[in-house]
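Chain by chain, the residues run as shown.
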Amino acid sequence: MIEIKEAISKKELKLFVKFPFKLYKNSKHWVPPIISEELKTFDKSENPVFNDADARFFLAYKNGEIVGRIAAIVNWLEINNQGIKKMRFGWFDFVDDLEVSKVLLNTVSEIGKNYKLEYTEGPVGFSNLDKVGVMTDGFDSIAPMITWYNHPYYVNHYSAHGYTIEKQYSESRFPFENVKPEFFYKAQNLIKRRYKLKEVNFTKTSEVMPYADRMFDLFNESYASLSSFVEITDIQKEYFKKKFISFVNPEYIKFVVDSEDKLVGFAIVMPRFADALQKANGKLFPFGFRHILKAKKNSKDVIFYLIGIHPEYQNKGVHAVLFNEMYETFTAKGIQYCYRTPELEDNEAIHKIWKHFKPEVYKRRKTFRKDI
């Protein structure tokens, strides 16, 4: 008999956050989140996404023991502005018991039915800056901090419950030695002269902040055509600036501006924190901070987190300017491996800009949907 309880109190939400620590305690490839940061994500007084979204968090119990969890999410920007009648679900983890996953998914469907929505899709987060997709390939490699890891049996549960594939993503990596400047050095000089562009580099986080709002505006413009996109609001920009930019080495943020100082392209790269987060094991104190700061300073692996090009400049080679700036920084830092975040497999434009680096797809993931 499976019992579902909604996690509402701080104590219950902490149980929700900590369940995967038990589920993956023997996994060499799962990367734990920082518990306090995860709790802030679910705090309606802390996370401004709740101005435009509702979320409820559920735990599944069997014989008094937690055996699964799921977040049921309604993004009103998506529903009201885009007319997409979707019930989202995420943070979906469970033991290998079909009854457990069924009851959790049915709980989400019932909420969607009450809102008169048309289908459920997941696993997804609140927005495009959250984690996405259940992993279907690549279980033998460590997960980066910006994606979910899961056991191989998860995929079978979706199929067993009548869910079908909605979107497909791939994650790739390449050794830095694959990056040859001849593929972009001459091109970026030509592009800068032709369009009167210039690069902007940073050495301090405080230097980035005056550009941050413009960066999120450009993110909204450059990703608006993607089927999964939900706009980032002004109040969310402030939240993401505090949450993400402090984690990023300022020299790993590259901007391109035109002759009027208008932002036309940006790239954000992050150190790979996976090993540090495994050592921290969910806690910043007493030693977690030390591991994370050490990785921020010394990691020889990096993750290309976001790249955005203004629609007017897409397919004009602006990414070559960004790559040239990154190449110089990575060479000075002794970077060894580059990783990319999950990218939609049908996003041909983004895949083309990486082709010269001979990337290897090392993970694949999918979201699943089912009509309500």
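Residues numbered from 1 in each chain as written. Predicted model: local features only at pLDDT ≥ 70, side-chain atom pairs only at ≥ 80, totals over all residues. Heavy atoms only, no water.

Novice: With reference to specific residues and values, describe the overall build of the protein.
Specialist: On a plain count of helices and strands, the protein comes out with 12 helices and 14 strands. For 372 residues, the compact-globule estimate of 2.2 N^0.38 gives 21 Å, and the C-alpha radius of gyration of the protein, at 21 Å, lies within 12% of that figure. Seen through its principal axes, the protein has C-alpha atoms that stretch 70 × 45 × 35 Å. Per-residue burial over the protein gives 57% buried out of 372 residues. Looking at the protein alone, contacts between residues at least 24 apart form 76% of all its contacts between residues at least 6 apart. (Helix = DSSP H or I, 4+ residues; strand = E, 2+ residues; numbered from the N terminus. Rg over C-alpha atoms; globule rule 2.2 N^0.38 Å. Buried < 20%, exposed > 50% of the residue type's maximum accessible area, 1.4 Å probe, protein only. Contact = heavy atoms within 4.5 Å.)

Novice: Can you break down the packing of helix 6 (residues 185-195) against helix 11 (residues 318-333) residue by residue, with the values?
Specialist: It is the contact of helix 6 with helix 11, at a shortest axis distance of 8 Å, that shows an interaxial angle of 125°. With respect to helix 11, the axis of helix 6 lies oblique. Seen from above, helix 6 lies across helix 11 with left-handed handedness. Along its contact with helix 6, which presents Tyr185, Ala187, Gln188, Ile191 and Lys192, the element helix 11 presents Val318, Ala320, Val321 and Asn324. (Axes fitted to C-alpha atoms, helices over the stretch in contact; angles between N-to-C directions. Parallel < 35°, antiparallel > 145°, perpendicular 65-115°, else oblique. Left-handed = near helix turned anticlockwise from the far one by under 90°.)

Novice: Provide a residue-level description of the packing of helix 7 (residues 205-223) against helix 8 (residues 234-244), including the pertinent values.
Specialist: For the pair helix 7 and helix 8, interaxial distance at closest approach is 10 Å and the crossing angle is 125°. Regarding the angle of helix 7 to helix 8, the classification is oblique. Seen along the crossing, helix 7 lies across helix 8 with a hand that is right-handed. Along its contact with helix 7, which presents Met209, Ala212, Asp213, Phe216 and Asp217, the element helix 8 presents Lys237, Glu238, Phe240 and Lys241. For the contact of helix 7 with helix 8, a count of residues per class yields four nonpolar, no polar and five charged. (Nonpolar A, V, L, I, M, F, W, Y, C, P; charged D, E, K, R; others polar.)

Novice: Explain the environment of Lys192 residue by residue, including any values.
Specialist: Within the secondary structure, Lys192 is located in helix 6. Here Lys192 falls in the buried class, since its relative accessible area comes to 16%. Taking C-alpha positions, Lys192 is 9.6 Å from Gly317, a pair spaced 125 residues apart along the chain. Not counting chain neighbours up to four residues away, the residues in contact with Lys192 comprise Leu197, Lys198, Glu199 and Val321.

Novice: So, the packing of aromatic side chains: which residues are in play, and what are the values?
Specialist: In the structure shown here, the tally under the stated rule is 45 aromatic pairs. Consider the rings of Phe94 and Tyr154, whose centres lie 4.2 Å apart with planes at 25°: the pair is stacked. Placement of Phe94 in strand 4 (residues 86-94) and of Tyr154 in helix 5 (residues 154-160) is noted, with a sequence separation of 60 residues between them. For Phe94, a relative accessible area of 0% gives the class buried. Judged by relative accessible area, which is 2%, Tyr154 ranks as buried. Ring centres of Tyr252 and Phe330 lie 5.8 Å apart, and the angle between their planes is 90°; this geometry places the pair in the edge-to-face category. Linking Tyr252 in the loop between helix 8 and strand 9 (253-257) with Phe330 in helix 11, this pair joins segments that are 78 residues apart in sequence. Residue classification places Tyr252 among the buried positions, given a relative accessible area of 2%. (Phe/Tyr/Trp six-rings, centres within 6.5 Å; stacked < 30°, edge-to-face > 60°.)

Novice: An account of helix 4 (residues 98-114) is requested, with residue identities and associated values reported.
Specialist: Over its 17 residues, helix 4 runs 24 Å from end to end, which matches the ideal 24 Å to within 8%, given 1.5 Å per residue. Residue Asp97 occupies the N-cap position of helix 4, its side-chain oxygen lying 2.9 Å from the main-chain nitrogen of Glu99. Once helix 4 ends, the next one or two residues include Lys116, with phi positive near 60°. (Expected span 1.5 Å × (residues − 1). Polar contact = N/O pair within 3.5 Å; in protein donor to acceptor, adjacent residues only side chain to side chain.)

Novice: Describe the environment of Leu190, listing the residues and the values that go with them.
Specialist: If you trace the backbone, Leu190 turns up in helix 6. Spatially, the C-alpha atoms of Leu190 and Lys366 are 39 Å apart, while their sequence positions differ by 176 residues.

Novice: I'd like a description of the nonpolar core, backed by residues and values.
Specialist: In terms of nonpolar packing, the biggest core is built from 124 residues, with Phe57, Leu129, Phe255, Phe304, Phe330 and Trp354 touching the most fellow members. The dominant element in this core, judged by the number of residues it contributes, is helix 7, at eight residues. (Core = buried A, V, L, I, M, F, W, Y, C linked by side-chain atoms within 4.5 Å.)

Novice: Describe a nonpolar patch on the surface, listing the residues and the values that go with them.
Specialist: Taken together, the side chains of Phe285, Phe289 and Leu293 make up a nonpolar region of the molecular surface, amounting to roughly 340 Å² of accessible area. Mapped onto the secondary structure, Leu293 falls in helix 10 (residues 288-298). (Patch = residues over 30% accessible without salt bridge, like charges linked within 9 Å, V, L, I, M, F, W, Y side chains within 5 Å. Areas by Shrake-Rupley, 256 points an atom, 1.4 Å probe, with all protein chains shown as cover. Salt bridge = Lys/Arg side-chain N within 4 Å of Asp/Glu carboxyl O.)

Novice: Go over the pattern of salt bridges, please, and point to the residues and values.
Specialist: One pass over the structure, following the stated rule, counts 24 salt bridges. Lys113 serves as the salt-bridge partner of Glu110, at 3.3 Å between the closest nitrogen and oxygen. Of this pair, Glu110 and Lys113 both sit in helix 4, three residues apart, which is roughly one turn of the helix. Between Lys167 and Glu121 there is a salt bridge, with its nearest N and O atoms 3.0 Å apart. Within this pair, whereas Lys167 is found in strand 7 (residues 164-175), its partner Glu121 is found in strand 5 (residues 119-122), the two being separated by 46 residues in sequence. One salt-bridge network, held together by shared partners, links Glu78, Lys86, Arg88, Glu121, Glu166, Lys167, Arg369 and Asp371.

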